[in-house]
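Topology and contacts: notes
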Amino acid sequence: MIEERAAAFAKRSIKTSTKLAGLKMAVSMCDLTTLEGKDTPGKVAYLCRKALQPAAEKYGVPACAAVCVYPNLVKPARKFLGDHSPVHIAAVATGFPSGQYPLRTKLEEVRRTVADGADEIDMVIDRGAFLSGDLAKVFDEIAATKEACGPAHLKVILETGELVTYDNVRLASEIAMSAGANFIKTSTGKVNPAATIPVTLVMLEAIRDYFFATGIRIGMKPAGGIRTSKQALAYLVMVKETLGDDWLTPDLFRFGASTLVNDLLMQIAKNAEGNYQAADYFSLP
């Protein structure tokens, strides 16, 4: 039933000014991400520049929501963006992407990363503990990480591609929210499958039910595998119809998909110019 409902979102037709507004909204929700072993301060500065101004001013494109980097590159990002940037700095932590680190090491990494200037921490749950039934350990690690975050927001990565079933995705979502997550996130981007519409729908419904039970709004971030404007618009339709207009904001919904940004920009330029521009006209994410 989840898969049947999810498939319907991809069939919606959005046109003209509504489509343009949706494309610009999607850009404002993107976390530009670089998580490679060859990352440098220069590459991070470049990513920050693109996040601040994704396209020429004439297109009226908003800044992206955040840049997402490894902890040791938070300082260069903060130096480039300054203290009052509209672009947030997110950092992966807690033994990304495996989560197989001692808790003390994870918490030390989180505290140091926040002290270096991170606004958001993207943590990974211990999938081994979850799949072996040690749900209390999963809850306790999320709660301890939330405390270590201090003023920073906590995004909890479930790595849904390793959770096997939709029931597990639902349960992991509920544990993360109850333990203090500000956002729940599908994937690290290092495991296939990453974000899918059915998995995201399961997580959105968990967020909806948690809101009805507690009055607390939890954010959602599908990450990995979202590459086209058409896919992004389908996700926005799903968010609107599952959670309502309140969630159509970067404060409560994000895309973890750097390759998506240029496709969104090409579609925005096409709407303004009447024809597609070559991909070479857009800087690589």
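Everything below is about the structure shown above.
This is a predicted model, so every value here is computed, not measured.

1. Focus: the nonpolar core
Core analysis: the biggest nonpolar cluster contains 88 residues, and Val67, Ile142, Val156 and Phe255 have the highest contact counts within it. Excluding residues within four positions of it along the chain, Ile142 makes contact with Met123, Ile125, Leu154, Val156, Ile175, Ala176 and Ala179.

2. Section: the layout of surface pockets
Of the pockets and cavities examined, the largest pocket occupies roughly 490 Å³. In terms of lining residues, the largest pocket is bounded by 21 residues, among which Thr33, Gly189, Gly256, Ala257 and Ser258 are the most central. Its residues assigned to classes, the lining of the largest pocket shows 5 nonpolar, 10 polar and 6 charged.

3. Description of the packing of helix H8 (residues 166–178) against helix H9 (residues 197–214)
Running from amino to carboxyl end, H8 crosses H9 at an angle of 40 degrees, the nearest separation of the two axes being 9 Å. Classified by the interaxial angle, the pair formed by H8 and H9 is oblique. The handedness of the crossing between H8 and H9 comes out as right-handed. Residues Tyr166, Val169, Arg170, Ser173, Met177 and Ser178 of H8 touch H9, and the partners they reach there are Pro198, Val199, Val202, Met203, Glu205, Ala206, Ile207, Asp209 and Tyr210.

4. Here we look at the pattern of salt bridges
A complete count under the given rule lists 21 salt bridges for this structure. The salt bridge partner of Glu141 is Lys106, with a shortest N-O separation of 2.8 Å. Pair noted here: Glu141 is in helix H7 (residues 135–149) and Lys106 is in helix H5 (residues 103–115), with a separation of 35 residues, a long-range link. Residues Glu141 and Lys106 agree in their burial class; the two are buried. One salt bridge connects Arg208 with Asp209, and the closest N-O pair in it is separated by 3.1 Å.

5. Things to note about the pairing of strand S3 (residues 88–93)
Taken across its 6 residues, S3 has 5 buried, putting it largely inside the fold. When strand S2 (residues 66–69) meets S3, the two strands line up parallel, connected through 4 bridges. When the sheet's bridge partners are listed, Cys68 is paired in S3 with Ala90. Crossover connection from S2 via helix H4 (residues 74–81) to parallel S3: handedness right-handed. Relative to strand S4 (residues 120–124), S3 runs parallel, the two being bridged by 4 bridges.

Reading the values: the criteria
Residues numbered from 1 in each chain as written. Predicted model: local features only at pLDDT ≥ 70, side-chain atom pairs only at ≥ 80, totals over all residues. Heavy atoms only, no water. Core = buried A, V, L, I, M, F, W, Y, C linked by side-chain atoms within 4.5 Å. Buried < 20%, exposed > 50% of the residue type's maximum accessible area, 1.4 Å probe, protein only. Contact = heavy atoms within 4.5 Å. 1 Å grid on protein atoms, 1.4 Å probe; cavity = no way out; pocket = protein on both sides within 12 Å on 5 of 7 lines; lining within 4 Å. Points joined across faces, edges and corners; volume = space filled by probe spheres on them. Nonpolar A, V, L, I, M, F, W, Y, C, P; charged D, E, K, R; others polar. Axes fitted to C-alpha atoms, helices over the stretch in contact; angles between N-to-C directions. Helix = DSSP H or I, 4+ residues; strand = E, 2+ residues; numbered from the N terminus. Parallel < 35°, antiparallel > 145°, perpendicular 65-115°, else oblique. Left-handed = near helix turned anticlockwise from the far one by under 90°. Salt bridge = Lys/Arg side-chain N within 4 Å of Asp/Glu carboxyl O. Pairing = 2+ DSSP bridges. Right-handed = clockwise from strand over helix to strand, strands pointing away.

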